[in-house]
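So the chains spell out like this:
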Amino acid sequence: MPVQEDNPAKRPRLERKGVVASETLAASNSDIYRQEFFEYRPSIKVIDCTIRDGGLMNKWQFTDDFVRAVYTACVQAGIDYMEIGYFTSEKYFKRGEVGPWRFCATEDLKRIVGENKTGLKLSAMADIGRIDPCDIPMKKDSLLDLVRVACYAHQIDEAIELANLCLERGYEVSINLMAVAKVPLVEIDACLAKLKSCKCQYFYLADSFGSLYGEQVRLLIRRYVAALPHMEIGLHGHHNQQLGVANSIDAIMEGANVVDGSIMGLGRGAGNTPTENLLCFLRNPKYNVRPIFEVIQSHFYELRKTVEWGVSLPYLIAGVRNEHPRDAMAWEAEGKSKDGLGFYDKFVKTGEANGDNTRPAGGDPDRLEDAADEPRVPNLNCELYRKEFQTYKPMIKVVDNTIRDGGLMNNWKFSDEVVKAVYDACVQSGVDYMDVGYFTTPGLLEGAGPWRFCKSEDLKRVFGENKTALKLAAMVDVGRVTEADIPHSRDTLVDMVRVACYAHQIDEAIQIANSCVGKGYEVGVLFMALSSVNMAEINACLDKLEGTCSCHFVYVTDSFGSLYCEQVETLTSLFQKKLPGRTIGFHGKNNQHMAFANTVQAICTLEGVVMIDGSMLGLARGAGTTPTENLLCFLKNPKFKLRPALEVIKAHIQPLADTMEWGPSIPYLITGARNLHPRDAMAWQAAGKKLDGVGFLDFINAKEKQPKPVAGLKPGGRAAPPQPL
């Protein structure tokens, strides 16, 4: 598969004064990260939920070999707890219809773990109403160490009663309060008040529907920590909107000391926070991610052939609408996981036409059908979300990068049909700009497709005269184009030019940007690889932009997929302060599943006009970028329409996956977590080794020396999130 490697050190160079080669762009302890991001908190514990939560997708019918392999990986990786299933009385389910991990009987546990003479503790979850007191043995007669009681807000009294019983019988105990995205703060506070007299060790925020954003997670974790100082607070995230990792990190930074994950995110529906992402983020030397990568290669890729889980359009739609995923699970169980368009038409479009914006609240995660007697509440009406989450900023502009950024994965050799289909979808969806490719000096990149050059004849062949509200954009790379190679705006269909540069190229970028302003374009500067640049250098570049550049907007660009929400908040605030009157934009990469969360953070931080980038299904270089469809789901502006994007995804973008490869993977995760340019991961995957994460980890470890971590990572240090009214 041809891959256009975006390696600034190897670009064909034009004779330009003052340009410095970029070999020095590498892993960096940039001071845009607080010191806490280079430390670890010894009190943080990881609970792996692979078998328990993943069992919801195959009725816990894992082979013994699979469960034993996960157990061994957790032991070797230094995981603190393995949640091996549910603690359930057998009268509620029939063996044969469900596997043994729905019950966690002692004989089944012993068959897998023996006497468990390891540092790994075993956990099981208990559902209210599915475990009888007589079926809970004394701890001395069980291999289980921790019982986690799952409940909804209206079940808190029963949960406390069950928790106290398990405590009396010698277990560690957690209460997991589920579906809080539907619960008013007064009810949450009432639950917290009741828990003050409970002696259980842990209390969990469970984002059951994958509907919480970082702001709500931070708000609740702070509330939980303050109310329950005698308990450790935990987070269990779901990945419907690809927010599981970001929410887990925000929770940790706010003081949560327990976080859940599952290997490859294996869990109900869209899955959970991937355990491997957590271990890559946490710097505690007791954790070793290599055994997790090993079990992924030996067992999980094979499991994917028969069990389906993970991010999809139906789960995205359910998550953004704050709905129980039962409809999406039933849809996907019928083999329609890729038919997001059909799901939208059945469950969203029809309801909107009838003025019905409600779905059932609560619900049993094991039951797919709706229950007529369950309460119905409007979606996202919970006061936990500020009114800004229910309204829209008319100044937000969406830039779709599918062709330009996606072209880095196929040398810009899209068919005219695909490019025209993406264009039509952008027009119909109300997208503001379509980034169709690059302006590049002719002859520099032999063999590249037409969208590497954006010649006028190619633009007109596909877009005609573009008599629509959609504006066309093109990017220029410093070092790959001269000012003379960029046509005047009157001679092209392109409306906007974006100049991409690294910090050491800022002077040349300003020169090109000013030239483009003079030629009549809207012009922006994309400040790339910010995660590897120190604040002093960033400030110096911003001072130059403010003093000498006429561009209209400037982008915070997370080129390596290494920024977290806190750094995005810091950088976007800084850019807006240093560049008054200019539009600030954000472009994210998805190496660590952070792109959408970071984009939401930018939207929530910035005032005035905001420019945000996406691409259909995240199609872009390497791990991809923020999916345009996520943006259209999140933004409430009625001008944005999701359905045309779903149409082009179904007809054209999903079929591209048969011949092109993009999106998160272990090699991209490793480079993102270590703040490295993805060139090595791109080359690794282009060599057909995408599934060999272990080999890539060994390769990077041999190449890049890692600093020795130190204990620290105190909670807090970040301004409190805005309070809902």
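Above: the structure in question.
Residues numbered from 1 in each chain as written. Predicted model: local features only at pLDDT ≥ 70, side-chain atom pairs only at ≥ 80, totals over all residues. Heavy atoms only, no water.

Re the overall build of the protein
Looking only at helices and strands, the protein has 24 helices and 20 strands in total. Over its C-alpha atoms the protein spans a radius of gyration of 26 Å, differing by no more than 12% from the 27 Å that the globule rule assigns to 725 residues. Dimensions of the protein along its principal axes, counting C-alpha atoms only, are 80 × 60 × 45 Å. The buried share of the protein, taken over its 725 residues, is 65%. (Helix = DSSP H or I, 4+ residues; strand = E, 2+ residues; numbered from the N terminus. Rg over C-alpha atoms; globule rule 2.2 N^0.38 Å. Buried < 20%, exposed > 50% of the residue type's maximum accessible area, 1.4 Å probe, protein only.)

Section: the environment of Phe699
Structurally, Phe699 can be placed in helix 24 (residues 693–703). Between the C-alpha atom of Phe699 and that of Trp684, which follows or precedes it by 15 residues, the distance is 9.9 Å. In this view, Phe699 contacts Asp680 and Trp684; residues no more than four positions away in its chain are not counted. (Contact = heavy atoms within 4.5 Å.)

Topic: unusual backbone geometry
Positioned with a positive phi, Cys104 is a non-glycine residue whose angle comes to about 55°. Relative to the helices and strands, Cys104 resides in the loop between strand 3 (81–86) and helix 3 (106–113). We note that Gln242 has phi near 60°; this positive angle belongs to a residue other than glycine. Among the secondary structure elements, Gln242 is positioned in the loop between strand 8 (232–236) and helix 7 (244–253). Residue Gln242 is classed as buried on the basis of its relative accessible area of 9%.

With respect to the environment of Asp345
Structurally, Asp345 can be placed in helix 12 (residues 340–353). Residue Asp345 is classed as partly exposed on the basis of its relative accessible area, which comes to 22%. For the pair formed by Asp345 and Lys689, sequence separation is 344 residues and the distance between their alpha carbons is 38 Å.

Let's talk about the layout of surface pockets
By volume, the largest pocket is sized at about 1,800 Å³. Along its surface, the largest pocket is lined by 49 residues, and Arg304, Val311, Trp662, Pro664 and Lys690 are the ones closest to its centre. Of the residues contributing to the lining of the largest pocket, the split by class is 19 nonpolar, 20 polar and ten charged. Forming the walls of the second largest pocket are 32 residues, and the residues nearest its centre are Cys280, Arg283, Ala673, Arg674 and Gln706. Of all elements in the fold, only helix 8 (275–281), helix 22 (666–673) and helix 24 reach the threshold of two or more residues within the lining of the second largest pocket. Counted by class, the lining of the second largest pocket contains 18 nonpolar, ten polar and four charged residues. (1 Å grid on protein atoms, 1.4 Å probe; cavity = no way out; pocket = protein on both sides within 12 Å on 5 of 7 lines; lining within 4 Å. Points joined across faces, edges and corners; volume = space filled by probe spheres on them. Nonpolar A, V, L, I, M, F, W, Y, C, P; charged D, E, K, R; others polar.)

Here's the deal with helix 23 (residues 679–686)
One full turn of an α-helix is made of 3.6 residues, so residues set three or four places apart face in the same direction. Within helix 23, six of the eight residues are buried, which leaves the element mostly enclosed by the surrounding structure. Restricting attention to buried positions, one finds in helix 23 the residues Arg679, Asp680, Ala681, Met682, Trp684 and Gln685. Where the residues of helix 23 are buried, they touch helix 22 and helix 24. Looking one or two places after helix 23, you find Gly688, whose phi comes out positive at around 85°.

Quick notes on the pairing of strand 19 (residues 610–614)
Counting buried residues in strand 19 gives five out of five residues, a clear majority hidden from the surface. Alternating positions in strand 19 separate into two faces, Val610, Ile612 and Gly614 on one and Met611 and Asp613 on the other, with burial throughout. Looking at chain direction, strand 18 (residues 583–587) and strand 19 are connected through three bridges and run parallel. By the bridge assignment for strand 19, Ile584 is matched with Val610. (Pairing = 2+ DSSP bridges.)

Some details on the state of the cysteines
For the structure shown, the criterion picks out zero disulfides. Cysteine Cys454 remains unbridged, with the sulfur of Cys516 as its closest cysteine sulfur at 13 Å. Free cysteine Cys633: the closest other cysteine sulfur is in Cys426, separated by 15 Å. For Cys633, a relative accessible area of 12% translates into the label buried. (Disulfide = S-S within 2.5 Å.)

Brief notes about the side chain of Lys182
Here Lys182 is to be found in the loop between strand 6 (172–177) and helix 5 (185–195). Buried and unpaired, Lys182 has no salt bridge, with Glu323 as the nearest side chain of opposite charge at 7.0 Å. From its side chain, Lys182 meets the backbone oxygen of Asn322 in a polar contact 2.9 Å long. (Lys, Arg positive; Asp, Glu negative; His and termini not counted. Salt bridge = Lys/Arg side-chain N within 4 Å of Asp/Glu carboxyl O. Polar contact = N/O pair within 3.5 Å; in protein donor to acceptor, adjacent residues only side chain to side chain.)

Section: the sheet that holds strand 18
With parallel pairing, the eight strands of this closed barrel are ordered in space as 12-13-14-15-16-17-18-19. Strand after strand, the sheet turns through a mean of 30° between neighbouring axes, direction not considered. Of the pairings in the sheet, the one linking strand 15 (residues 494–501) to strand 16 (residues 522–527) comprises six bridges and is parallel in character. By the bridge assignment for strand 16, Met496 is matched with Glu522. Helix-sheet contacts for helix 14 (residues 416–429) involve strand 12 (396–400), strand 13 (433–438) and strand 14 (471–477), and the interaxial angle to strand 13 is about 155°. (Axes fitted to C-alpha atoms, helices over the stretch in contact; angles between N-to-C directions.)

Thoughts on the nonpolar core
Counting 257 residues, the largest nonpolar core has Met82, Ile175, Phe203, Tyr224, Met434, Phe463 and Ile538 as the members making the most contacts within it. The greatest single-element share of this core, amounting to eight residues, is contributed by helix 2 (residues 64–77). What Phe203 contacts, discounting residues up to four positions off in sequence, is Ser174, Ile175, Leu177, Leu192, Leu195, Tyr224, Leu228, Met231, Glu232, Ile233 and Gly234. Residues Ile47, Leu146, Tyr202 and Val258 belong to the second largest nonpolar core, which totals seven residues. (Core = buried A, V, L, I, M, F, W, Y, C linked by side-chain atoms within 4.5 Å.)

Focus: the pairing of strand 18
The element strand 18 is extensively covered by neighbouring structure, given that five of its five residues are classed as buried. Residues of strand 18 alternate between two faces, with Thr583, Gly585 and His587 on one and Ile584 and Phe586 on the opposite face, all of them buried. Pairing of strand 17 (residues 553–557) with strand 18 involves five bridges; the strand directions are parallel. Within strand 18, the position partnered with Phe553 by the bridge is Thr583.

What about the environment of Arg480?
Among the structural elements, Arg480 can be located in the loop between strand 14 and strand 15. Overall, the relative accessible area of 3% leaves Arg480 in the buried class. Here the alpha-carbon distance between Arg480 and Phe439, two residues 41 residues apart in the chain, equals 8.5 Å.

What to know about the side chain of Arg404
Among the structural elements, Arg404 can be located in helix 13 (residues 402–406). Classification of Arg404 by relative accessible area gives buried; the value is 5%. Every residue in contact with Arg404, bar those within four places of it in the chain, is listed here: Trp412, Asp435, Val436, Gly437, Tyr438, Met475, Arg498 and His587.

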